[in-house]
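As a plain string of letters, each chain reads:
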Amino acid sequence: MKARLFIAVTALHAIVLPAVAETNFNTHPRFEINPELGVAGDFSGTYKHWRDPSAVEQFASVQTDSSNEWMMNGKNMDIVEDDFHPGHLAVDEGEKLVNLWEHREPGFKACLGSGSTDLEGIAARYPLYDEKLGRVMTLAARVEHCSKKVLWKNFKQGSPMNANITLYLKSLSNGQPIQIAVDSGPMKEAYLRGETLFYKRVGQLNFACASCHTPGSIMGNRLRGEVPSTPFGDVSHYPTYRSPVGEVEVLHKRFMRCLKQMRAKPLKPGDPAYVDLEVFYTSMSNGYPITAPSIR
Amino acid sequence: MKKILIAALAVTLSACGTVQPVKNKSASVSPMKFPCLSYSLACGNIPVRKPVKKELEGELSGNIDEGRKIAFTKKRGNCLACHRMKGGTQPGSRGPDLTAYGSLKRSDEETYALVYDMRWRVPDTLMPPMGTNQILTEQEIRDVVAFLQSSK
């Protein structure tokens, strides 16, 4: 009897030990995210607060408690009745640039629209796989590409010109639900790489994006002043006008800001790793309407 | 006068000449020495440093006041980002409350080893490995531990 118990106990040990040995110190534990669900797959339980403007208004009382504000996912900022925040000036600036350059070099708009000069709604389908170029393109990459190809200029990703034009294009899809397909081919591959990056521990502080943006992590907890929120629904309001610094911030610059906090090497806007992360992030906004221009 | 000059010279020389990490101030370490997201830079292939269970050698001999400073300063320990601590304002809320850590009667050895690298106990921990990743020097960790033990 005693011997049996002993065996049972050692057997238990044998189960526990390999599990510990299997810990992958290079990654944060993964979550099941179903890419087919898009924004509705939100794992934070906060989607009900910000799923549409009426929910945002209904749950606006949540904001009165600062420790709950993260549950609004910032979307309470989208219903403020300020139609004249400087994000609108950036949109105007972007529109002026596009029209000016189209006038000088006809073909700029057609390049931005992948053949069509009607630019309404295109932003909701980015990032996409461009068969002719043979690579996954973000909207900002399209702007850079067309500036080089048609204008012989370089509206580099991360530059104010690129940001303003990207924001203008995004504003032409304002209110339209994001819709990208990540179920096959190069887009699926990019999604899977982006997902892997999201869980990769990087930097001196040994954080992954998931360390602050998944359930059970720092998400929803005060990190001194700030509370990290869900990654679902984020890309719908990028590029965004950042009032504390008074400039338009593109998504890749926000990635850089988080990476600096993590004391990890920040990569440049347009970096292939950021493109994959953007595909992953965008799939988590699938079905959510674009808000552009926005203010944060 | 001459003496001061020589002393100053000695300090400058030793500051330039030493290869060892500075003992009483967190030396800033390049982010390139740690894993990054890049597909092309060398840091993209660096693995995470393995967990270390560090033994405390000799007496703790930490400085409580120095430890408090380190724990509260964002660029140094920044423990307040996740923990409530004695005398600290605007604390974070993810980690356990450490305001009365000293009353728990944990040993210096255990506390030192946990702050040095929590992962030997909690493999998936969110707490940065302060010693293993050179966020704090050994002396700084001693100071922080002294501060924790004094918090009652």
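Residues numbered from 1 in each chain as written. Chains lettered and ligands numbered in written order. Predicted model: local features only at pLDDT ≥ 70, side-chain atom pairs only at ≥ 80, totals over all residues. Heavy atoms only, no water.

Chemist: Just to check I follow, could you spell out the overall build of chain B for this structure?
Modeler: The helix and strand tally for chain B stands at four helices and zero strands. Going from N to C terminus, chain B has its helices and strands arranged as α-α-α-α. In chain B, of all internal contacts separated by at least 6 residues, the share reaching a separation of at least 24 is 57%. Counting every atom, chain B has about 8,900 Å² of accessible surface; 58% of that belongs to carbon and sulfur. (Helix = DSSP H or I, 4+ residues; strand = E, 2+ residues; numbered from the N terminus. Contact = heavy atoms within 4.5 Å. Areas by Shrake-Rupley, 256 points an atom, 1.4 Å probe, with all protein chains shown as cover.)

Chemist: Just to check I follow, could you spell out helix H8 (residues 185–199) of chain A for this structure?
Modeler: Along an α-helix, residues three or four positions apart point the same way, because every turn accommodates 3.6 residues. All names here are of chain A. In this model, H8 (15 residues) spans 22 Å end to end at C-alpha, consistent with the 21 Å of a helix rising 1.5 Å per residue. Of all the positions in H8, only Met187, Ala190, Tyr191, Gly194, Glu195, Leu197, Phe198 and Tyr199 are classed as buried. The elements touched by buried residues of H8 are strand E1 (128–130), strand E2 (135–137), helix H9 (210–213) and helix H11 (272–283). (Expected span 1.5 Å × (residues − 1). Buried < 20%, exposed > 50% of the residue type's maximum accessible area, 1.4 Å probe, protein only.)

Chemist: Explanation requested: the nonpolar core in the structure shown.
Modeler: Side chains of a nonpolar character, in soluble globular proteins, are inclined to be buried together. Counting 103 residues, the largest nonpolar core has A:Phe108 and B:Met85 as the members making the most contacts within it. Per-element accounting of this core gives the leading share, seven residues, to H11(A). (Core = buried A, V, L, I, M, F, W, Y, C linked by side-chain atoms within 4.5 Å.)

Chemist: Where do I start with the packing of aromatic side chains in this structure?
Modeler: Aromatic ring pairs are defined here through the distance separating the ring centres and the angle between the ring planes. Within this structure, the stated rule accounts for 14 aromatic pairs over all chains. When the ring of A:Trp50 is compared with that of A:Tyr288, the centres are 5.4 Å apart and the planes differ by 70 degrees; the resulting orientation is edge-to-face. Of this pair, A:Trp50 sits in helix H2 (residues 47–50) while A:Tyr288 sits in the segment after H11; the two residues are 238 residues apart in sequence, bridging distant segments of the chain. Here the two residues A:Trp50 and A:Tyr288 agree in accessibility, since each one is buried. Relative to B:Phe147, the ring of B:Phe72 lies with its centre 5.8 Å away and its plane at 85 degrees, an arrangement referred to as edge-to-face. Of this pair, B:Phe72 sits in helix H2 (residues 64–72) while B:Phe147 sits in helix H4 (residues 138–150), and the two are 75 residues apart along the sequence. (Phe/Tyr/Trp six-rings, centres within 6.5 Å; stacked < 30°, edge-to-face > 60°.)

Chemist: Help me out: how do you make sense of empty space enclosed by the protein in this one?
Modeler: To locate leftover empty space, one rolls a probe as large as a water molecule over the atoms. Residue and element names in this part refer to chain A. Following the criterion strictly, the structure yields two cavities of 30 Å³ or more and no others. Each pocket or cavity is described by its volume, and for the largest cavity that value is around 270 Å³. When residues of the lining of the largest cavity are assigned to their parent elements, the largest contribution, three residues, is made by helix H7 (residues 160–171). Residues belonging to the lining of the largest cavity are distributed by class as follows: twelve nonpolar, seven polar and two charged. Counted as a void, the second largest cavity has a volume near 30 Å³. Residues belonging to the lining of the second largest cavity are distributed by class as follows: three nonpolar, three polar and one charged. (1 Å grid on protein atoms, 1.4 Å probe; cavity = no way out; pocket = protein on both sides within 12 Å on 5 of 7 lines; lining within 4 Å. Points joined across faces, edges and corners; volume = space filled by probe spheres on them. Nonpolar A, V, L, I, M, F, W, Y, C, P; charged D, E, K, R; others polar.)

Chemist: Looking at this structure, I do not really get the side chain of A:Thr214. What am I missing?
Modeler: All names here are of chain A. Structurally, Thr214 can be placed in the loop between H9 and strand E3 (240–242). Thr214 gets classed as buried once you look at its relative accessible area, which sits at 0%. At 2.7 Å, the side chain of Thr214 and the backbone oxygen of Ala210 are in polar contact. (Polar contact = N/O pair within 3.5 Å; in protein donor to acceptor, adjacent residues only side chain to side chain.)

Chemist: Explanation requested: the interface of chain A and chain B in the structure shown.
Modeler: Frequently, the measure chosen for interface size is the accessible area removed from exposure when the parts meet. In this complex, chain A contributes 32 residues to the contact, which on the side of chain B involves 37 residues. Taken together, the two surfaces of chain A and chain B that pack against each other cover about 3,100 Å², and 57% of this comes from carbon and sulfur. At the boundary of chain A and chain B, one finds zero salt bridges. Among the secondary structure elements, those contributing two or more residues to the side of chain A that touches chain B are H8 and H11 of chain A. Per-element tally for the side of chain A that touches chain B: the top contributor is H11(A), with four residues. (Buried area = accessible area lost by both parts, 1.4 Å probe. Salt bridge = Lys/Arg side-chain N within 4 Å of Asp/Glu carboxyl O.)

Chemist: Would you take a moment to explain the packing of H8(A) against H11(A) for this structure?
Modeler: Each packed pair of helices is defined by two parameters, the angle between the axes and the distance between the axes. Residue and element names in this part refer to chain A. It is the contact of H8 with H11, at a shortest axis distance of 7 Å, that shows an interaxial angle of 95 degrees. Comparing their axes, H11 and H8 come out roughly perpendicular. For the pair H8 and H11, the contacting residues are Met187, Ala190, Tyr191, Arg193, Gly194, Glu195, Leu197 and Phe198 in the first and Ala273, Asp276, Leu277, Val279, Phe280, Tyr281 and Ser283 in the second. Tallied by class, residues from the contact of H8 with H11 come to ten nonpolar, two polar and three charged. (Axes fitted to C-alpha atoms, helices over the stretch in contact; angles between N-to-C directions. Parallel < 35°, antiparallel > 145°, perpendicular 65-115°, else oblique.)

Chemist: How should the state of the cysteines be read in this particular structure?
Modeler: Throughout this description, disulfide means a covalent bond between two cysteine sulfur atoms. This model, assessed by the stated rule, comprises two disulfides over all chains. Put simply, A:Cys111 and A:Cys146 are joined by a disulfide, and their sulfur atoms are 2.1 Å apart. Taking the torsion about the S-S bond as the criterion, the A:Cys111 to A:Cys146 disulfide, at about -85 degrees, is left-handed. Linking A:Cys111 in helix H5 (residues 108–112) with A:Cys146 in helix H6 (residues 139–151), this pair joins segments that are 35 residues apart in sequence. The residues A:Cys111 and A:Cys146 share a single accessibility class, namely buried. The side chain of B:Cys36 participates in a disulfide bridge whose partner is B:Cys43; the two sulfur atoms lie 2.1 Å from each other. On the sign convention where negative means left-handed, the S-S torsion of about 80 degrees between B:Cys36 and B:Cys43 marks this disulfide as right-handed. Here A:Cys258 stays unpaired: no disulfide links it, and the sulfur of A:Cys209, its closest cysteine neighbor, is 7.5 Å away. (Disulfide = S-S within 2.5 Å.)

Chemist: What is the right way to look at the confidence of the model for chain B in this model?
Modeler: Parts of the prediction with low pLDDT should not have their coordinates interpreted in detail. Residues and elements named next belong to chain B. When pLDDT is averaged along chain B, the result is 86, and 82% of the positions lie at 70 or above. In this model, residues 1–24 is a region of pLDDT below 50 whose contacts with residues beyond four sequence positions or in other chains number five contacts. Both scores are given for the predicted complex: the pTM is 0.90, the ipTM 0.89. (pLDDT = per-residue confidence, 0-100.)

Chemist: How should a negative patch on the surface be read in this particular structure?
Modeler: The grouping of B:Glu55, B:Glu57, B:Glu59 and B:Glu109 at the surface amounts to a negative patch. Along the polypeptide, B:Glu109 turns up in helix H3 (residues 108–116). (Patch = residues over 30% accessible without salt bridge, like charges linked within 9 Å, V, L, I, M, F, W, Y side chains within 5 Å. Lys, Arg positive; Asp, Glu negative; His and termini not counted. Charge placed at Lys NZ, Arg CZ, Asp CG, Glu CD.)

Chemist: Would you explain the environment of A:Gln261 in this entry?
Modeler: All names here are of chain A. Among the structural elements, Gln261 can be located in helix H10 (residues 251–261). Separated by 199 residues in sequence, Gln261 and Val62 place their C-alpha atoms 28 Å apart. Here Gln261 is in contact with Leu205 and Glu226, once residues within four sequence places are set aside.

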